[in-house]
Amino acid sequence: MRPIKKLTQKFAENYIYYNYGYLKHDIKKLIKASRETAKQYKCSPLEIFFFMIEEEPIKKLYTHSYGFNTSEGREIKETFKNNYYE
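In short, a report on the structure. (Residues numbered from 1 in each chain as written. Predicted model: local features only at pLDDT ≥ 70, side-chain atom pairs only at ≥ 80, totals over all residues. Heavy atoms only, no water.)

## Some words on the environment of A33
Argument step 1. Secondary-structure assignment places A33 in helix α2 (residues 27-41).
Argument step 2. Using a relative accessible area of 0% as the deciding quantity, one classes A33 as buried.
Argument step 3. Residues A33 and L61 lie 28 residues apart in sequence; the distance between their C-alpha atoms is 18 Å.
Argument step 4. Ignoring sequence-local partners within four residues, the contact set of A33 consists of F80, N83 and Y84. (Helix = DSSP H or I, 4+ residues; strand = E, 2+ residues; numbered from the N terminus. Buried < 20%, exposed > 50% of the residue type's maximum accessible area, 1.4 Å probe, protein only. Contact = heavy atoms within 4.5 Å.)

Right under this line is the structure:
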């Protein structure tokens, strides 16, 4: 299996359906917000996607401490939310 390098709509839809069984949010907005947030924080859209969906830490950003979001992690989530709903 080849590692995913780019966040696409098809990948995101398949990932969410496979892991959760249904899609609750607008997938196009989810992708757009991931890309915009990634630009702001200089990381990849895939890292933002997995941070938001799976709570995975972003390696080059200090997003977690003892399993909880740091202030930077909470800021990224808030930025993502603003990008999603704009």
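## Focus: the nonpolar core
Argument step 1. Among the nonpolar cores identified, the biggest contains 22 residues, and L7, F11, L30, C43, I48 and F49 are the most heavily contacted of them.
Argument step 2. For this core, the elements supplying multiple residues, two or more each, are α1 (9-20), α2, α3 (45-54) and α4 (71-85).
Argument step 3. With six residues, the single largest contributor to this core is α2.
Argument step 4. Setting aside residues no more than four positions away along its own chain, F49 makes contact with L7, F11, A12, Y15, I16, L30, S34 and E54. (Core = buried A, V, L, I, M, F, W, Y, C linked by side-chain atoms within 4.5 Å.)

## Let's talk about α2
Argument step 1. The end-to-end C-alpha separation of α2 is 21 Å, in line with the 21 Å expected for 15 residues at 1.5 Å each.
Argument step 2. The set of residues buried in α2 consists of I27, L30, I31, A33, S34, T37, A38 and Y41. Viewed along the axis of α2, the buried residues span an arc of 165 degrees, placing them on a single side of the element. Away from its buried face, by an angle of more than 90 degrees, α2 presents the exposed residues K28 and K39.
Argument step 3. On its buried side, α2 packs onto α1, α3 and α4.
Argument step 4. Taking the backbone nitrogen of K28 as reference, a side-chain oxygen 3.0 Å away marks D26 as the first, capping residue of α2.
Argument step 5. At the exit of α2 stands K42, carrying a positive phi of roughly 55 degrees. (Expected span 1.5 Å × (residues − 1). Arc of directions from axis to C-beta. Polar contact = N/O pair within 3.5 Å; in protein donor to acceptor, adjacent residues only side chain to side chain.)

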